[in-house]
Structures are given as C-alpha cells and as structure tokens.
Amino acid sequence: MEISIIIPVYNKAEYIGDCLNSLLRQDFADFEIVCVDDGSTDNSGALCDKQAADDNRIRVIHTENGGVTAARRKGVEAALGKYIVFVDADDMLLPDALKTLHKAITDSNADEVIGTYKDQYGRTHDSGFRGEQPCEPLVRNLLAVKNSFCVLWGIIFRKTLLDGCLNAPREIVEREDSLMQIKCLMKSPTVHFIPQAVYLHYEDMPNNRVEDLRMIRIYDSELKQTLQSQWDIYKSAFVHHQLKVYEKFINLRQFHVFEEYYRPLRQQLDPTIPLMDRIAILLPPRISYMLVHGYKTLLTIRKK
C-alpha cells in the first residue's frame, strides 16, 4: 500500500460525503481511506460506514471521543500505507492531488512534501517556497503563528516521520496541527515544496473550540518541551509565539490574561522579536487592544 488517507471525523455529517467522494475520484490506484469516527453524536459514523460498504478502499474506526489529535494518531496506527495524507472531514482533495504528491515525494525522496491549496472563494494560497527547504525557518514561521504554508493537510508524509508526533494532550484544541508539524520538523527531515494546489480548504467554518489559559499553559509546556533539544536557537521564537497568542486574547478583549499569565513576558523581550509585538506587550492591555484590533481589522480588509 502506497498511501493511507486519514480523516478524523466528528459531527461532520453535512460534509463527509463530499469529502469522501473527492478522494474516491482520485486518479491514483494504490491508496486507502481510514475514517476515524471520534465519537460523533450525529450520523457521521453511519455515513462513513455506508460508503465503506460500497467501496473497499474505505475503512472506518469508531472510537470514544478523544479529540482530533488522538483520532489522527489512531488512524496512523491503523494505516497500511508507506505514506500518510491527512484530510479534514469538511475539506476535499483537488483532482490529481494524490498522483501529484506521490510523484513529488518519490522523485525527491523527501520525508514530507508540501503543496499549495485553494479555498472555497477560489483563492490560491501559496507560501512561495519551492524545492527543499531548511527546517529552522519553517519552525520559526509556525511559532510566529504565520502559517504561510500548509501545516498538516495539503501534505504527504513518510509514515515513519510521524512516530511520536501525534501525542499532544487532549486539552489542546487550537494549533494542534502546528504543534504536530513542529514535532516533525524538530527531527530535521527533508522537506520539499511544490507549486501545485492539491487541497480545497473551507475557511471560516463554525466550531465550538474555546481557548482558555488552562489550555494555553498546557500548550506552552508541550511546545517548550518539543523545542528543548534546540532551546538556545528557539528560545526567543518561543517568546514571540507567546506574544502572538497574547495578542489573540487581547483582540477578544480578554484583558485579564495579562496579569494572570503574560506579564512576565515583559522581562523576556529581545531585539529579534518584531517591534510591534514588543510594543503590544509593553502597553497596558486596554491600550494595546486598539493597536492589535486595528492591525487585525486592516488585515481582514486587505484579505477581502
């Protein structure tokens, strides 16, 4: 088996049919689909079972709800393929995606190949990276919460690269994909970028995920442990990551987080951290809000 496609499924009955059909239409012969029904309370699991009964390329694993990272891990553990492709249940693969990704990873002998993607508005999202890229700038990009390249989907991974990378705590419900990719990159794999769009990602999908300081503390602890082997290189970038998350809280007017968690960052700033982010933590939270919110509003306008 060459490729296993892993789909974590939780209450996605409205979307899972289109997702699976986009995979079954791929012009590539040697692949399987592993759907992990993560304790869905709608009929997502039943819909997966129905399509599996009609096509033996689909397998379904039903499990108690354990979160998206645990679902992906169970899928990888059950996978028969040499390579792994992750797809979210409310997204789709573009035509020829598997053929394109498989050719790229076999030609380059890379550990992961990263493509570009499109959204439902017809926009193409392209990082501009091409060919083999060093890991350090990619880790820094993720720590800065830029995510200018595909982080988890739109990628084909050598299965062995994923060993030990899908163990994030259940409490982490945001940026768990970035954390997984950072864990991969800390192994110094060969990472190859291609220009082809391989994935259709639906943006602005509703979800009920809520970040709170308990989750952030767990995330920061897990991330710091992940970076520990190269802490001297990434210490400042880790602080920058904390600042970017702080700005998200401030943009939501959750000013209490400054005193409860983020005040010590004022003592950890250095010139490698962008000036605007340093200013955001040095200003009183309510004043910082005007700066952060204004900047994010401008970015939203530009995006449209």
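Higher on the page you've got the structure.
All values derive from a computational prediction rather than experimental measurement.

### Details of the nonpolar core
Part 1: Core analysis: the largest hydrophobic core is formed by 92 residues, its most contacted members being Ile5, Ile7, Ile33, Phe86, Phe157, Leu227 and Tyr262.
Part 2: Broken down by element, the residue count for this core peaks at 10 residues, all from helix H8 (residues 231-251).
Part 3: The residues touching Ile33, leaving out its near neighbours within four places in the chain, are Ile5, Ile7, Leu20, Leu23, Leu24, Arg57, Ile58 and Arg59.

### A closer look at the packing of aromatic side chains
Part 1: What the rule picks out here adds up to 12 aromatic pairs.
Part 2: Taking 5.0 Å as the distance between ring centres and 55 degrees as the angle between the ring planes, the aromatic pair formed by Phe129 and Phe193 counts as tilted. Of this pair, Phe129 sits in the loop between strand E7 (124-125) and strand E8 (131-133) while Phe193 sits in strand E10 (residues 191-201), and the two are 64 residues apart along the sequence.
Part 3: Pairwise contacts between aromatic rings join Tyr246, Phe249, Phe258, Tyr261 and Tyr262 into one cluster.

### A short note on the side chain of Asp277
Part 1: Residue placement: Asp277 occurs in helix H10 (residues 275-282).
Part 2: Residue Asp277 is classed as buried on the basis of its relative accessible area of 7%.
Part 3: Here His240 takes part through its side chain, which lies 2.8 Å from a polar atom of the side chain of Asp277.
Part 4: For Asp277, the residues in contact, after removing those within four places along its chain, are His240, Leu243, Lys244 and Glu247.

### Re the environment of Asp212
Part 1: Relative to the helices and strands, Asp212 resides in the loop between E10 and helix H7 (213-227).
Part 2: Taking the C-alpha atoms as reference points, Asp212 and Val257, separated by 45 residues in sequence, lie 9.1 Å from one another.

### Some words on the packing of helix H1 (residues 16-24) against helix H2 (residues 44-54)
The axes of two packed helices give the description: the angle between them and the distance between them.
Part 1: Running from N to C, H1 and H2 point in directions that differ by 30 degrees, and their axes come no closer than 10 Å. The angle between H1 and H2 places the two elements in the roughly parallel class. Helix-helix and strand crossings are classified by hand; for H1 and H2 the assignment is right-handed. Contact residues: H1 offers Ile16, Gly17, Leu20, Asn21 and Leu24, while H2 offers Leu47, Cys48 and Gln51.
Part 2: Grouping the amino acids of the contact of H1 with H2 by side-chain chemistry returns five nonpolar, three polar and no charged.

### Quick look at unusual backbone geometry
Among all residues save glycine, negative phi is the norm, and among peptide bonds the norm is trans.
Part 1: Not every positive phi belongs to a glycine, and Asn11 is a case in point at roughly 50 degrees.
Part 2: Inspection of the secondary structure assignment puts Asn11 in the loop between strand E1 (3-9) and H1.
Part 3: On the basis of relative accessible area, Asn11 is assigned to the partly exposed category, the value being 27%.
Part 4: Of note, the phi angle at Arg253 is positive, near 65 degrees, even though the residue is not glycine.
Part 5: Topologically, Arg253 is positioned in the loop between H8 and helix H9 (257-262).
Part 6: By relative accessible area, which is 49% here, Arg253 ends up partly exposed.

### What about a nonpolar patch on the surface?
Part 1: A cluster of nonpolar side chains, namely Leu275, Met276 and Ile279, defines an oily patch on the protein surface of about 260 Å² accessible area.
Part 2: The topology assignment puts Met276 in helix H10.
Part 3: By relative accessible area, Met276 is classed as partly exposed at 45%.

### Concerning the pairing of E1
Part 1: Burial within E1 is extensive, with seven of its seven residues counted as buried.
Part 2: Here E1 pairs with strand E2 (residues 31-38) via seven bridges, running parallel. Each bridged residue has a counterpart across the sheet, and for Ile3 the counterpart in E2 is Phe31.
Part 3: Read as a crossover between parallel neighbours, the route from E1 over H1 to E2 is right-handed.
Part 4: In this sheet, strand E4 (residues 83-86) lies alongside E1 in parallel orientation, the contact comprising four bridges. The partner of Ile5 across the bridge, within E4, is Val85.

Conventions and cut-offs
Residues numbered from 1 in each chain as written. Predicted model: local features only at pLDDT ≥ 70, side-chain atom pairs only at ≥ 80, totals over all residues. Heavy atoms only, no water. Core = buried A, V, L, I, M, F, W, Y, C linked by side-chain atoms within 4.5 Å. Buried < 20%, exposed > 50% of the residue type's maximum accessible area, 1.4 Å probe, protein only. Helix = DSSP H or I, 4+ residues; strand = E, 2+ residues; numbered from the N terminus. Contact = heavy atoms within 4.5 Å. Phe/Tyr/Trp six-rings, centres within 6.5 Å; stacked < 30°, edge-to-face > 60°. Polar contact = N/O pair within 3.5 Å; in protein donor to acceptor, adjacent residues only side chain to side chain. Axes fitted to C-alpha atoms, helices over the stretch in contact; angles between N-to-C directions. Parallel < 35°, antiparallel > 145°, perpendicular 65-115°, else oblique. Left-handed = near helix turned anticlockwise from the far one by under 90°. Nonpolar A, V, L, I, M, F, W, Y, C, P; charged D, E, K, R; others polar. Patch = residues over 30% accessible without salt bridge, like charges linked within 9 Å, V, L, I, M, F, W, Y side chains within 5 Å. Areas by Shrake-Rupley, 256 points an atom, 1.4 Å probe, with all protein chains shown as cover. Salt bridge = Lys/Arg side-chain N within 4 Å of Asp/Glu carboxyl O. Pairing = 2+ DSSP bridges. Right-handed = clockwise from strand over helix to strand, strands pointing away.

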